[in-house]
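# Structural description and commentary
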Amino acid sequence: MASTYSTSLRIQLIGTGDQAGVWGTSTNTNLGTLIEQAITGVQSITLTGSTYTLSSYNGIVDEARNSVLSFTGSLSANCTVIAPAANKVYIVKNATGSTVTMSVGSGSTVVVPNGQTYIVYTDGTAFYSASNYNQSNIAISGGTIDGTVIGGTTPSNGSF
């Protein structure tokens, strides 16, 4: 059986009997570099346009395999980031001045506002938010903050 690559992380799957005497190099790359990148990798990417496609390579370091994507730059318009159509969880930090939309090129997307960090995932056909948190869905129905009772019948703004 010839060597192939896994679908999601693109790690080399060494075929039976392949790479006699040199399989250690492929194994070390898979375990010590590529899997480590997928679990703990942080990739900083400077966005400059309206679309950016993450690099995605079989068996070598790339952008899409990283766990954390930290987008920077000074965008004058929103940007769509295209990820590979494969299962993957990302932590996405947006510090671009505009929104970043995570997409696989079709299906649903997730918009990450400027200044926010979201946990998102893709099933290879669409992107989803790993949590339903956003700034507009926080409701406090009672309690105290610094000794001030909150949650009365009349909403108020300001500091406590």
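Presented here is an overview of the structure given in this document. Note that the structure is predicted; figures quoted are calculated from it, not measured.

Right, let's get into unusual backbone geometry. Most of the time, phi is negative for any residue but glycine, and the peptide bond is trans. For arginine 10, which is not a glycine, the phi torsion comes out positive at approximately 55°. The residue arginine 10 is located in the loop between β1 (4-5) and β2 (12-13) in this model.

The subject of this paragraph is the packing of aromatic side chains. Under the definition given, this model contains 2 aromatic pairs. Its end group placed over the ring of tyrosine 90, lysine 88 keeps NZ or CZ at 5.1 Å from the ring centre.

Mapped onto the elements, valine 61 comes out in the loop between β4 (51-53) and β5 (68-72). It is 7.5 Å that separates the C-alpha atoms of valine 61 and threonine 33, two residues lying 28 residues apart in sequence. Among all residues touching valine 61, those that are not within four sequence positions of it are Thr33, Leu34 and Gln37.

Judged by side-chain polarity, Val89, Ile91, Ile119, Tyr121 and Tyr128 come together as a nonpolar surface patch covering roughly 410 Å² of accessible area. Elements supplying a minimum of two residues to the nonpolar patch: β7 (87-95) and β10 (117-123). Along the polypeptide, tyrosine 128 turns up in strand β11 (residues 127-129).

A few words on the pattern of salt bridges. Under the criterion given, the structure shown has 2 salt bridges. Ionic pairing is found between arginine 10 and aspartate 62, a salt bridge with its closest N-O pair at 2.7 Å. Here the residue arginine 10 occupies a position in the loop between β1 and β2, and aspartate 62 occupies one in the loop between β4 and β5, the gap between them amounting to 52 residues. Looking at aspartate 62, the relative accessible area reads 3%, which means it is buried. Note that arginine 65 and aspartate 62 form a salt bridge whose closest N and O atoms lie 3.5 Å from each other. Arginine 65 sits in the buried class, given a relative accessible area of 0%. Linked by salt bridges that have partners in common, Arg10, Asp62 and Arg65 make up one network.

The rules behind these values
- Residues numbered from 1 in each chain as written.
- Predicted model: local features only at pLDDT ≥ 70, side-chain atom pairs only at ≥ 80, totals over all residues.
- Heavy atoms only, no water.
- Helix = DSSP H or I, 4+ residues; strand = E, 2+ residues; numbered from the N terminus.
- Phe/Tyr/Trp six-rings, centres within 6.5 Å; stacked < 30°, edge-to-face > 60°.
- Lys NZ or Arg CZ within 6 Å of the ring centre and 35° of its normal.
- Contact = heavy atoms within 4.5 Å.
- Patch = residues over 30% accessible without salt bridge, like charges linked within 9 Å, V, L, I, M, F, W, Y side chains within 5 Å.
- Areas by Shrake-Rupley, 256 points an atom, 1.4 Å probe, with all protein chains shown as cover.
- Salt bridge = Lys/Arg side-chain N within 4 Å of Asp/Glu carboxyl O.
- Buried < 20%, exposed > 50% of the residue type's maximum accessible area, 1.4 Å probe, protein only.

Note that all results are geometric; they support no functional claim without further evidence.
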